[in-house]
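Residue-level listing of the chains:
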Amino acid sequence: MPSLEQLRAEDLRAELKKRNLPATGRKQELKERLREAVISAGENPETAEFQTTKVSDLNSLFQAISEQNDKTQKQNEEIKERIDSQRVESRQQIEEMKQKFQVMESAMEKRMEEIEALKQRQENIETDVLFKIKEMKDGVDKGMSDIDKKMKLMEEEYFRIRSINNTTESQQYSNPARMKPPEFDGQVSWSVYKKQFEAAAQINKWITPEEKATALILALRGPASELLQTVDQRNYNALVKALELRYGDEHLQDVHRVQLKTRQQKMGESLQELESDIERLAHLSYPTATTEFLHVITTDAFIDAIRDPELKKAVRLSGKRTSSEALVYALSYEAAGDASRSRSHVRELTLSEIEVEKVRKLINQSDRPAQNESQFRTPRKGQLQCWNCQQYGHVQKYCDRAPRFRQSDRRENEHLHQEN
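The shown structure was predicted, so the numbers you read here are calculated from the model rather than taken from an experiment. (Residues numbered from 1 in each chain as written. Predicted model: local features only at pLDDT ≥ 70, side-chain atom pairs only at ≥ 80, totals over all residues. Heavy atoms only, no water.)

Asker: Residues and numbers for the overall build of the protein, please.
Answerer: Check the secondary structure of the protein and you find 13 helices and 0 strands. The linear arrangement of helices and strands in the protein, starting from the amino end, is α-α-α-α-α-α-α-α-α-α-α-α-α. In the protein, which comprises 420 residues, the share counted as buried stands at 20%. Within the protein, contacts between residues separated by at least 24 positions form 42% of all contacts whose residues are at least 6 apart in sequence. Counting only carbon and sulfur atoms, one obtains 53% of the accessible surface of the protein, whose full area is about 34,200 Å². (Helix = DSSP H or I, 4+ residues; strand = E, 2+ residues; numbered from the N terminus. Buried < 20%, exposed > 50% of the residue type's maximum accessible area, 1.4 Å probe, protein only. Contact = heavy atoms within 4.5 Å. Areas by Shrake-Rupley, 256 points an atom, 1.4 Å probe, with all protein chains shown as cover.)

Asker: Can you explain a negative patch on the surface? Please cite residues and give values.
Answerer: Residues E77, E78, E81 and D84 make up a contiguous surface patch of negative charge. On the secondary structure map, E81 appears in helix α3 (residues 53-174). (Patch = residues over 30% accessible without salt bridge, like charges linked within 9 Å, V, L, I, M, F, W, Y side chains within 5 Å. Salt bridge = Lys/Arg side-chain N within 4 Å of Asp/Glu carboxyl O. Lys, Arg positive; Asp, Glu negative; His and termini not counted. Charge placed at Lys NZ, Arg CZ, Asp CG, Glu CD.)

Asker: Give a detailed account of the nonpolar core, specifying residues and quantitative values.
Answerer: Ranked by internal contacts, the top residues of the largest apolar core, which has 22 residues, are F184, L216 and L243. Where this core is concerned, the elements lending two or more residues are α4 (190-204), α5 (209-219) and α6 (236-247). Here this core gets 6 residues from one element, more than from any other, and that element is α6. Here L243 is in contact with F184, W190, L216, L220, L227 and G248, once residues within four sequence places are set aside. (Core = buried A, V, L, I, M, F, W, Y, C linked by side-chain atoms within 4.5 Å.)

Asker: Provide a residue-level description of the side chain of E269, including the pertinent values.
Answerer: Mapped onto the elements of the fold, E269 is located in the loop between α7 (253-261) and α8 (271-285). E269 sits in the buried class, given a relative accessible area of 12%. Among the polar contacts made by the side chain of E269, one reaches the side chain of R263 at a distance of 2.5 Å. Discounting chain neighbours no more than four positions away, the residues touching E269 are R263, Q264 and L274. (Polar contact = N/O pair within 3.5 Å; in protein donor to acceptor, adjacent residues only side chain to side chain.)

Asker: For the packing of α8 against helix α9 (residues 291-305), give the residues involved together with the corresponding values.
Answerer: Viewed as axis vectors pointing N to C, α8 and α9 meet at an angle of 140°, and their least axial separation amounts to 9 Å. When the interaxial angle is binned, α8 and α9 end up oblique. Crossing of α8 over α9 shows right-handed handedness. Residues L271, L274, E275, I278, E279, A282 and H283 of α8 form the contact with α9, whose participating residues are L294, T298, A301, F302 and A305. Its residues assigned to classes, the contact of α8 with α9 comprises 8 nonpolar, 2 polar and 2 charged. (Axes fitted to C-alpha atoms, helices over the stretch in contact; angles between N-to-C directions. Parallel < 35°, antiparallel > 145°, perpendicular 65-115°, else oblique. Left-handed = near helix turned anticlockwise from the far one by under 90°. Nonpolar A, V, L, I, M, F, W, Y, C, P; charged D, E, K, R; others polar.)

Asker: Talk me through the pattern of salt bridges; I want residue IDs and the actual numbers.
Answerer: Under the counting rule described, the total for this entry stands at 13 salt bridges. The network of salt bridges with common partners includes R263, E269, D277 and R280.

Asker: Which residues make up helix α1 (residues 9-18), and what values do they have?
Answerer: Every α-helical turn comprises 3.6 residues, leaving residues that sit three or four positions apart pointing alike. By the burial criterion, the buried members of α1 are D11, L12, E15 and L16. Seen along its axis, α1 keeps its buried residues to an arc of 135°; they face one direction. Turned more than 90 degrees away from the buried face of α1, the exposed residues are E10 and K17. Positive backbone phi, at 60°, marks N20, one or two positions downstream of α1. (Arc of directions from axis to C-beta.)

Asker: So, unusual backbone geometry: which residues are in play, and what are the values?
Answerer: Its identity is not glycine, yet N20 carries a phi of approximately 60°, on the positive side. Structurally, N20 can be placed in the loop between α1 and α2 (27-40). Backbone geometry places K205, a non-glycine residue, at a positive phi of 60°.

Asker: Requested: an account of the packing of aromatic side chains, with residues and values cited.
Answerer: The final tally for this structure, using the stated rule, is 5 aromatic pairs. Arranged with centres 6.1 Å apart and planes meeting at 40°, the rings of F197 and W206 form a pair that is tilted. Residue F197 shares its accessibility class with W206, and that shared class is buried. With a centroid separation of 6.3 Å and an interplanar angle of 20°, the aromatic rings of F197 and Y236 are classed as stacked. (Phe/Tyr/Trp six-rings, centres within 6.5 Å; stacked < 30°, edge-to-face > 60°.)

Asker: Any chance you could break down the state of the cysteines for me, citing the residues and the numbers?
Answerer: For the structure on display, the rule yields 0 disulfides. Here C386 is not disulfide-linked; the sulfur of C389 is the nearest cysteine sulfur, at 3.7 Å. Taking the relative accessible area as the measure of exposure, C386 reaches 0% and is therefore buried. (Disulfide = S-S within 2.5 Å.)

Right, here's the structure in full:
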């Protein structure tokens, strides 16, 4: 054990704390304070033995080590128990895996057996297919040989018929069947006539431009034939260009568009005639337009050209996409309006002879002042005068009075009476 002089400051503080003395201050102060405490306790400070902190630390360390060993032993026991339980669980899982593996192995064996059976079946099918292919090939070879024989016979027959037809071929070529193209005098549409002429040229097999030019020259009549004086008659394209320039519709597209835009239904013109004329003007105004565009143009122009405002409104609200559909709807609307129009009913009145005579007198009295006034009234410049009643303001066609015989008519009637 160390003596008082060998104690460190930490040991001095520990000894003072054991004796419930203050442990603050310098080392020398601590040492003097501990010396006084030892002397007051009746001990010799030179021979007294003191316990250092190392021994206490070792004791606490040993105690901690023993506690740690106990904890470690408990943990080892717990780990051992867990390992044992996991070992049991793993054994159970291994047994389950073995059972599943055996089931899968048996299933794989069955699958392999099925695959083997399918392979055997496929081999049988392949042998059957090869056998059938061989049979079909033999049949095709036999059929081809028969076809070759028939082809040879047909070829011989063809050459025989050709040799027979060679004698009449020259006659048929020299005088083939011809279709005469229609005549053109400038009165019909050039675009329509050109289509007819091209169809005739295709049927008659006029391939070269010289043949087409000759046929077109022979078809020209009247004012159209006067163009031959200024155009090369052997140049078909020049002839067509000259005719298109004079009678074509391409340079009149703007005129047709204005006519289409300002077209209105005339008095007495039917809806069918109106729709047909609008269709014609639309095709002349837009010859290269698509069908959808022409439908839109003709439908709008037809609706705008309708004279009746109620019918125009009804057709516009119907939402028709083509002029033909709008025409059908307009005709149906007119027919429905005529059928549902109310008829006026006139009630028959029966008057006695006295009442009829009174009515006549009243009518005569009402007409007399008007007649006298018309006789003395001076007509205004440009005012209409009726030849029947000699009054102003209307003409003889709309006169309500009975027709008055002229002197010439009266003479003719007298002459006829004398002859009878």
